[in-house]
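Working through the structure, step by step
Here is what each chain is made of, one letter per residue.
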Amino acid sequence: MPQGAGWLPHGFRLDPHSHVQGQLVYAAVGALATTTERGTWVAPANRVTWTPPGFTHSHRFYGRTDVRLLTVPVGLCGELAPHPSVFAVSPLLREAILALTDDRPRARPGARERLLAVAVDELSDGPEQSLHLPEPDDDRLRAVTDLLHADPARPATLAELGRAAGASERTLSRLFHSELGMSFHRWRTILRIHHALAHLTNGLSVTDTAVACGWSNPSSFIDAFTEVVGQTPGRYQGELRGGPR
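Each chain has its residues counted from 1, following the order in which its sequence is written. Whole-chain, interface and lining totals are the exception, using all residues; otherwise, since this is a predicted model, local features are given only for residues with pLDDT of at least 70 and side-chain atom pairs are given and counted only at 80 or more. Only heavy atoms go into the side-chain values, all of them from the structure, while hydrogens and water stay out.

With that settled, consider the overall build of the protein chain. Within the protein chain, the regular secondary structure consists of 10 helices and eight strands. A globule of 245 residues ought to have a C-alpha radius of gyration of about 18 Å, and the protein chain, at 19 Å, matches this closely. By its C-alpha atoms, the protein chain is 65 × 35 × 30 Å across when sized along the principal axes. For the exposure calls, accessible area comes from a 1.4 Å probe over protein chains only, and a residue counts as buried if that area is under 20% of its type's maximum, exposed if over 50%, partly exposed in between. Counting across all 245 residues of the protein chain, residues that qualify as buried make up 48%. Only DSSP runs of H or I reaching four residues or more are called helices, and only runs of E reaching two or more are called strands; each is numbered from the N terminus. Each radius of gyration is computed over the set of C-alpha atoms, and the globule rule expresses the reference value as 2.2 Å times the number of residues to the power 0.38.

Moving on to the pairing of strand β6 (residues 57-72). Along β6, 14 of the 16 residues are buried, which leaves the element largely enclosed by surrounding structure. A pair of strands is considered paired only if DSSP assigns at least 2 bridges between the two. With three bridges joining them, strand β2 (residues 13-17) and β6 adopt antiparallel strand pairing. The residue of β6 that forms the bridge with Arg13 is Arg60. Two elements, strand β3 (residues 22-36) and β6, share 12 bridges in a ladder whose sense is antiparallel. For Thr34, the partnering residue across the bridge sits in β6 and is His59.

The next point concerns the side chain of Thr145. When you line up the elements, Thr145 lands in helix α4 (residues 139-150). Given a relative accessible area of 0%, Thr145 falls into the buried group.

Dropping the structure here:
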């Protein structure tokens, strides 16, 4: 499905690939993760992923997903970010993407091109809202992130993880900032939010999701989720049940 719309089952994966043109991927219902060598981006139904030409990437879909794939010609790609990104979906952008990926005939010449230009304008004017989880190159740091990927709810401190990985807490703290551009706490929070989005999309309750992803209580989970995603987990689930607006 190089461009268009279709329903994909929970857990569906698209293997690593690249495009000569740019690509927008939007989950009108459900959520998706896009992975490149720079890490993983997650987009729930209020965000859209952007992959410029030439970037090798893969996708995984969470929940039964109404996926919309939209090709952006090379001539328009310069208007958008030169690296994979996630953008907020305004009501206008959402309707433009849905219209551009349906199969309705368009009688007026140039109508599709004009609508695509509107979508690109909306993206270029909007700030990135990235649920980006970067991945390290340093072997010591990768040993720690691998432990957390295997068990995001693991309550270990950075010092405890460092002992398991053979590195000091101070060294690891420095590497999180220098390699990944964020603190250990922030990285683990985003990792947990990625897993929380998958659980919520799959129908797990807010309370059970908080426990499964390592939060000590639902209120701290709700605060973290709202800060990162931009809406409460309850509202996110409510919009999923409501389907396309």
